Amino acid sequence: SRVGAVVPAAGRGERLGGGTPKALRPLAGRPMLLRAVETLLSSTLVSQVVVAAPPTLVDVVGQLLGSGVRVVPGGAERVDSVRVALDALDDDIGVVLVHDAARPLTPAKLVDAVATTVLDGHPAVIPVLPVADTIKEIDADGRVVRTPRRDGLRAVQTPQGFRRDILRAAYANRDLPVTDDAGLVEALGVPVTTIPGAEEAFKVTRPADLVLAEALLAHSLP
Ligand code: CTP
Ligand code: MG
């Protein structure tokens with residue numbers, strides 16, 4: 001089955017700040033979105049990429065990425081952006097990767113690992129890492145309700161990979177308060193498989209993340 005990738009890139013980047021929409025912020029001179037898309041295209045398994053861009057920047061992003069990438073206007077929330085991009089995939093795409101533009105240093109081998117695991121028959125696949133901090137569940141007043149055992153917790157990255165029919169069904173429930181695509185799939189009762197994530201696949205969210213990404217590019221990555 002053909003593998004397609006959708007890239008939500010329509011966020012404003014409020015936590016990062018700095019004016020320019022986050023996906024277009026340069027990292028060592030090249031926009032984060034361009035880096036993320038090039039990594040997806042570098043996978044021999046990925047045959048189509050659709051990007052959800054900030055609605056006023058669809059043409060700018062189209063110029064940046066070139067004619068091989070379809071660009072659609074994103075929506076108000078990430079789920080809205082993903083839904084619009086999913087609808088723009090070719091009909092014969094049977095496996096979908098959803099990958100944040102804000103994870104510009106994600107290794108190509110992680111893209112391949114997620115896609116391969118779905119193609120091997122797992123309907124939903126997510127890359128995860130152990131969490132470094134202890135996580136507390138709190139109530140509305142900020143009081144601690146409980147402390148889940150840290151060794152049973154994982155931080156979740158992208159790309160997340162899915163059988164397309166399952167992701168489409170999951171997105172019929174997109175009003176659920178979940179913060180990743182797999183959360184919608186879990187709500188269907190479909191098993192979600194975890195594979196090891198990659199430290200470099202971290203999300204650029206706050207200013208210090210941009211500093212870290214620049215430093216990694218300068219010192220350790222090719
Ligand atoms: N995203 C999107 N459409 C939205 C909101 C987010 O396509 N309406 C995308 C972002 O562009 C990003 C990914 O979803 O690639 C992950 O979201 P996040 O890191 O939260 O980015 P922003 O929403 O841009 O940042 P912030 O929440 O700080 O404003
Ligand atoms: Mg956001």
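Just so we're clear, the structure is a prediction, and the values are computed from it rather than from any experiment.

(A) Expanded view of unusual backbone geometry. Of the consecutive residues Thr158 and Pro159, the connecting peptide bond is found in the cis state with omega at 5°. Its location among the elements puts Pro159 in the loop between strand E10 (154-156) and strand E11 (160-163).

(B) Fine view of the site of ligand 1. Ligand 1 sits among 23 residues. The nearest are Pro8, Gly11, Glu14, Arg15 and Ser81. Looking at the shell around ligand 1, its residues break down into nine nonpolar, six polar and eight charged.

(C) Examining helix H4 (residues 108-119) more closely. In this model, H4 (12 residues) spans 17 Å end to end at C-alpha, consistent with the 16 Å of a helix rising 1.5 Å per residue. Every buried residue belonging to H4 is among Leu110, Val111, Val114, Ala115 and Val118, and all of these are buried. The arc enclosing the buried residues of H4, seen along the axis, measures out at 130°, which places them on a common side. Of the residues trailing H4, Gly121 is marked for its positive phi of about 115°.

(D) Representation of the confidence of the model for the chain within the structure. Model confidence for the chain is summarised by a mean pLDDT of 96, while 99% of its residues fall at 70 or above. Two numbers describe this predicted complex: its pTM, 0.97, and its ipTM, 0.99.

(E) The environment of Gly121, seen in detail. Within the secondary structure, Gly121 is located in the loop between H4 and strand E7 (124-130). When the 8 C-beta atoms within 10 Å are taken as the criterion, Gly121 is described as exposed. In the structure, Gly121 is positioned 96 residues away from Arg25 in sequence and 37 Å away in space, judged by C-alpha atoms.

(F) Broad picture of the pairing of strand E5 (residues 70-73). Relative to E5, strand E4 (residues 46-53) runs parallel, the two being bridged by four bridges. When the sheet's bridge partners are listed, Ala52 is paired in E5 with Val72.

(G) Inspection of the nonpolar core at higher detail. Counting 57 residues, the largest nonpolar core has Val6, Val7, Leu33, Val37 and Val51 as its most contacted members. Sequence-distant contacts of Val7, defined by excluding residues within four places in its chain, comprise Ala36, Val37, Val49, Val51, Ala52, His99 and Ala101.

(H) Main features of the UniProt feature "site: Positions MEP for the nucleophilic attack" (unreviewed entry) in the chain. Annotation from UniProt places "site: Positions MEP for the nucleophilic attack" (unreviewed entry) at Arg150 and Lys203. Here Arg150 is to be found in the loop between strand E9 (144-146) and E10. For Arg150, a count of 13 C-beta atoms within 10 Å gives the class partly exposed. When near neighbours in sequence (up to four residues on either side) are disregarded, Arg150 contacts Val131, Thr134 and Ile135.

What counts, and at which threshold
- Residues numbered from 1 in each chain as written.
- Chains lettered and ligands numbered in written order.
- Predicted model: local features only at pLDDT ≥ 70, side-chain atom pairs only at ≥ 80, totals over all residues.
- Helix = DSSP H or I, 4+ residues; strand = E, 2+ residues; numbered from the N terminus.
- Near = placed C-beta within 6 Å.
- Nonpolar A, V, L, I, M, F, W, Y, C, P; charged D, E, K, R; others polar.
- Expected span 1.5 Å × (residues − 1).
- Buried ≥ 20, exposed ≤ 12 C-beta atoms within 10 Å, placed from the backbone.
- Arc of directions from axis to C-beta.
- pLDDT = per-residue confidence, 0-100.
- Pairing = 2+ DSSP bridges.
- Core = buried A, V, L, I, M, F, W, Y, C linked by C-beta atoms within 7 Å.
- Contact = placed C-beta atoms within 7 Å.
- UniProt positions renumbered as here; feature names shortened; annotations may be inferred.

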